[in-house]
Amino acid sequence: GALVYQYPRRTICKSGTSMRMECQAVGFQATSVAWYRQSPQKTFELIALSTVNSAIKYEQNFTQEKFPISHPNLSFSSMTVLNAYLEDRGLYLCGARTGGQNTLYFGAGTRLSVL
Amino acid sequence: GEKVEQHESTLSVREGDSAVINCTYTDTASSYFPWYKQEAGKGLHFVIDIRSNVDRKQSQRLIVLLDKKAKRFSLHITATQPEDSAIYFCAASLSNTGNYKYVFGAGTRLKVIA
């Protein structure tokens, strides 16, 4: 079946530093990857959509300069949170789908705490 | 853009009873509606979905209903069990394979009381 692994599961970084998180798809080809953030007490906000061999599309309020994403092949994506501050705390989820399918399969998330 | 409202923020039911979670959406172009379950401290687990070409879908104890006229869809969990306790999120999206995205509801915390 379709599985998505994210790591690290939890991370703590100092305010102003950066943190990279990774997403691995197993058992299917991750043609598209969506990165979401769930801030405390909130629902899921889309950060960006990435499709292999296409430009990454960022949502309003999220930029490549702050959340650079790499999606080099059909099984892997990474995202970095640059200059993390308190408002960047939350659970970051990677959802992946294969071409022609609608369903996103999510990893367990990377929980980011900022001190 | 699309907005998804999830009407029940919390829901408590007795074990064995049914639970119903309702969502509404605003964009008539939305045509794919997945549901996810989030257990404490974990990510999103896909549970069931429905496409706009049908108005009902069932998978074991889960039933999803879609009313396109009212722009409303609902998740029915029958014969609830304590392990159904979790936060459930509905979402809406376009189903074309171009630049789509999911818009999530705020979540419903379901508690099944034994």
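Residues numbered from 1 in each chain as written. Chains lettered and ligands numbered in written order. Predicted model: local features only at pLDDT ≥ 70, side-chain atom pairs only at ≥ 80, totals over all residues. Heavy atoms only, no water.

A short note on the interface of chain A and chain B
With 22 residues of chain A at the interface, the matching set in chain B holds 21 residues. Between chain A and chain B, a total of about 1800 Å² is buried, with carbon and sulfur atoms accounting for 51% of that surface. Its largest share of buried area at the contact with chain B, chain A owes to F44, N102 and F106 of chain A, together 30% of the area lost on that side. There are 1 salt bridge connecting chain A and chain B. K101 of chain B is the salt-bridge partner of E59 of chain A, the closest N and O atoms lying 2.5 Å from each other. The tally of links from chain A across to chain B stands at 11 residue pairs in polar contact (both at pLDDT 80 or more). Within the residue set of the side of chain A that touches chain B, elements represented by two or more residues are β4 (32–38), β5 (44–51), β9 (90–97) and β10 (105–106) of chain A. For the side of chain A that touches chain B, the per-class residue count stands at 10 nonpolar, 7 polar and 5 charged. (Contact = heavy atoms within 4.5 Å. Buried area = accessible area lost by both parts, 1.4 Å probe. Salt bridge = Lys/Arg side-chain N within 4 Å of Asp/Glu carboxyl O. Polar contact = N/O pair within 3.5 Å; in protein donor to acceptor, adjacent residues only side chain to side chain. Helix = DSSP H or I, 4+ residues; strand = E, 2+ residues; numbered from the N terminus. Nonpolar A, V, L, I, M, F, W, Y, C, P; charged D, E, K, R; others polar.)

Some words on the state of the cysteines
Applying the stated criterion across every chain, the model contains 2 disulfides over all chains. Here C23 of chain A engages in a disulfide with C94 of chain A; their sulfurs sit 1.8 Å apart. With the S-S dihedral at roughly -55°, the linkage between C23 of chain A and C94 of chain A falls on the left-handed side. With C23 of chain A in strand β3 (residues 19–26) and C94 of chain A in strand β9, the pair connects residues that are 71 residues apart, well separated along the chain. Judged by relative accessible area, which is 3%, C23 of chain A ranks as buried. For C23 of chain B, the disulfide goes to C90 of chain B, at an S-S distance of 2.0 Å. Classification of the bridge connecting C23 of chain B and C90 of chain B rests on its S-S torsion, roughly -100°, and on that basis the disulfide is left-handed. Linking C23 of chain B in strand β3 (residues 19–25) with C90 of chain B in strand β9 (residues 86–92), this pair joins segments that are 67 residues apart in sequence. C90 of chain B carries the same exposure label as C23 of chain B, and that label is buried. No disulfide involves C13 of chain A; its nearest neighbouring cysteine sulfur is the one of C94 of chain A, lying 19 Å away. Relative accessible area serves as the criterion here: at 7%, C13 of chain A is assigned to the buried category. (Disulfide = S-S within 2.5 Å. Buried < 20%, exposed > 50% of the residue type's maximum accessible area, 1.4 Å probe, protein only.)

Some points on the packing of aromatic side chains
By the definition in use, this model includes 18 aromatic pairs over all chains. Centre to centre, the rings of Y36 of chain B and F104 of chain B are 6.0 Å apart; their planes meet at 55°, and the pair counts as tilted. In this pair, Y36 of chain B is assigned in strand β4 (residues 32–38) and F104 of chain B in strand β10 (residues 103–104), connecting sequence segments 68 residues apart. When sorted by exposure, Y36 of chain B lands in the same class as F104 of chain B, which is buried. Counting every residue linked through ring pairs, the aromatic cluster contains F28, Y36, F44, Y105 and F106 of chain A together with Y32, Y36, F46, F89, Y102 and F104 of chain B. When the ring centre of F67 of chain A is taken as origin, the NZ or CZ atom of K66 of chain A, which lies over that ring, is 6.0 Å away. (Phe/Tyr/Trp six-rings, centres within 6.5 Å; stacked < 30°, edge-to-face > 60°. Lys NZ or Arg CZ within 6 Å of the ring centre and 35° of its normal.)

So, the environment of Y32 of chain B
Residue and element names in this part refer to chain B. Relative to the assigned elements, Y32 resides in strand β4. It is 21 Å that separates the C-alpha atoms of Y32 and G43, two residues lying 11 residues apart in sequence. One polar contact links Y32 to D49, side chain to side chain, over a distance of 2.7 Å.

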